[in-house]
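Below, each chain spelled out in residue letters.
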Amino acid sequence: MSGIIKELEISPRAIFQLLISTLMIIIVLMGFAPSLYSALSGEFNTKLLIHTHALLFLSWMFFYTLQAVLPAIGKLELHIKLGKFGLPLALILTINGLFVTFVIFSKFVLRGDVEVARFFLIQPLTDMVVFPLLVIAAICFRKKPETHKRLMLLATLMLTIAAIVRIHYLTIPGIKFVIWTLPVLISMAYDYYKKRIIHQVYIFGLILFVLIYARTRILNDTVAWTYFTDLMIALVT
């Protein structure tokens, strides 16, 4: 009997991974709850693309949660088997995200809101470029678990910014950035508490997230972005 109880014990690491994943799911729900609610209340067909987009994002969050917890409870073999679905799911999510992005971009352009279209395109397009690159990087480092799992955390956090920008009641300057990066900040503190080190992936992640958060100011008025969006506008019109 004691052996069965011991086998069912969940390690502190597993609990921590579950808490971090739960935090990210809460962030996603805070942003996408209106879309999910309308989907469940019978309005799904009116905004099919947006609802599918939100549901795919949420499915990735649950996939990440499962994959983060499995190694921590000693189920590494199952983690590896399920991991084969990670890249296809990431690619489906990316394709869907890009499609939704250009549909909305096209609507802005066709109704004459060209400058709004330029401004809008920056955020979702960069999300859908950086997310798969981080997933691919994580897969490349799959034989280095400490690097792999942290890159997967960064990749998943890239999706939560799409939810963060939808939380319109958060008006305190900088609060959205703090909430967005909270899983990384907590993970850094946990690493330092347990090992007295901060993994370099987290440092890279924070620098990347600062740039991502400031991307609109960095890109919007550049010659390169204007040229790129001119090409996109020409394709639409």
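The rules behind each value
Residues numbered from 1 in each chain as written. Predicted model: local features only at pLDDT ≥ 70, side-chain atom pairs only at ≥ 80, totals over all residues. Heavy atoms only, no water. Core = buried A, V, L, I, M, F, W, Y, C linked by side-chain atoms within 4.5 Å. Buried < 20%, exposed > 50% of the residue type's maximum accessible area, 1.4 Å probe, protein only. Helix = DSSP H or I, 4+ residues; strand = E, 2+ residues; numbered from the N terminus. Contact = heavy atoms within 4.5 Å. Phe/Tyr/Trp six-rings, centres within 6.5 Å; stacked < 30°, edge-to-face > 60°. Salt bridge = Lys/Arg side-chain N within 4 Å of Asp/Glu carboxyl O. Axes fitted to C-alpha atoms, helices over the stretch in contact; angles between N-to-C directions. Parallel < 35°, antiparallel > 145°, perpendicular 65-115°, else oblique. Nonpolar A, V, L, I, M, F, W, Y, C, P; charged D, E, K, R; others polar.

Caption draft 1: Spotlight on the nonpolar core. With 47 residues, the main nonpolar core has Trp60, Phe131, Trp180, Val184 and Phe209 as its most contacted residues. Only helix H2 (12-43), helix H3 (48-72), helix H5 (86-110), helix H6 (114-140), helix H7 (145-164), helix H8 (175-195) and helix H9 (200-213) provide two or more residues apiece to this core. Here the element with the most residues in this core is H7; it accounts for 11 residues. Setting aside anything within four residues of it in sequence, one finds Phe209 in contact with Leu154, Leu157, Met158, Phe177, Trp180, Thr181 and Val184. Counting 10 residues, the second largest nonpolar core, distinct from the first, contains Ala117, Leu121, Trp225 and Ile233.

Caption draft 2: Layout of the packing of aromatic side chains. A full pass over the atoms with the stated rule returns 10 aromatic pairs. Ring centres of Trp225 and Phe228 lie 5.4 Å apart, and the angle between their planes is 40°; this geometry places the pair in the tilted category. Taken together, the positions of Trp225 and Phe228, both in helix H11 (residues 223-236) and 3 residues apart, correspond to about one turn of that helix. Trp225 gets classed as buried once you look at its relative accessible area, which sits at 8%. When its relative accessible area of 28% is taken as the criterion, Phe228 is described as partly exposed. Following the ring pairs from residue to residue traces out a cluster consisting of Phe177, Trp180, Phe209 and Tyr213.

Caption draft 3: How the structure looks around the pattern of salt bridges. Throughout the structure, instances matching the rule amount to 9 salt bridges. A salt bridge links Arg111 to Asp113; the shortest N-O distance between them is 2.7 Å. Looking at Arg111, the relative accessible area reads 57%, which means it is exposed. Arg215 is the partner of Asp127 in a salt bridge, and the nearest nitrogen-oxygen pair spans 2.6 Å.

Caption draft 4: Fine view of the packing of H8 against H9. At a minimum axis distance of 11 Å, the contact between H8 and H9 shows a crossing angle of 175°. Considering their axes alone, H8 and H9 lie roughly antiparallel with respect to each other. Seen from H8, the contacting residues are Lys176, Phe177, Trp180, Thr181, Val184, Leu185, Ser187, Met188 and Asp191; seen from H9, they are Tyr202, Ile203, Leu206, Phe209, Val210, Ile212 and Tyr213. Residues of the contact of H8 with H9, tallied by class, amount to 12 nonpolar, 2 polar and 2 charged.

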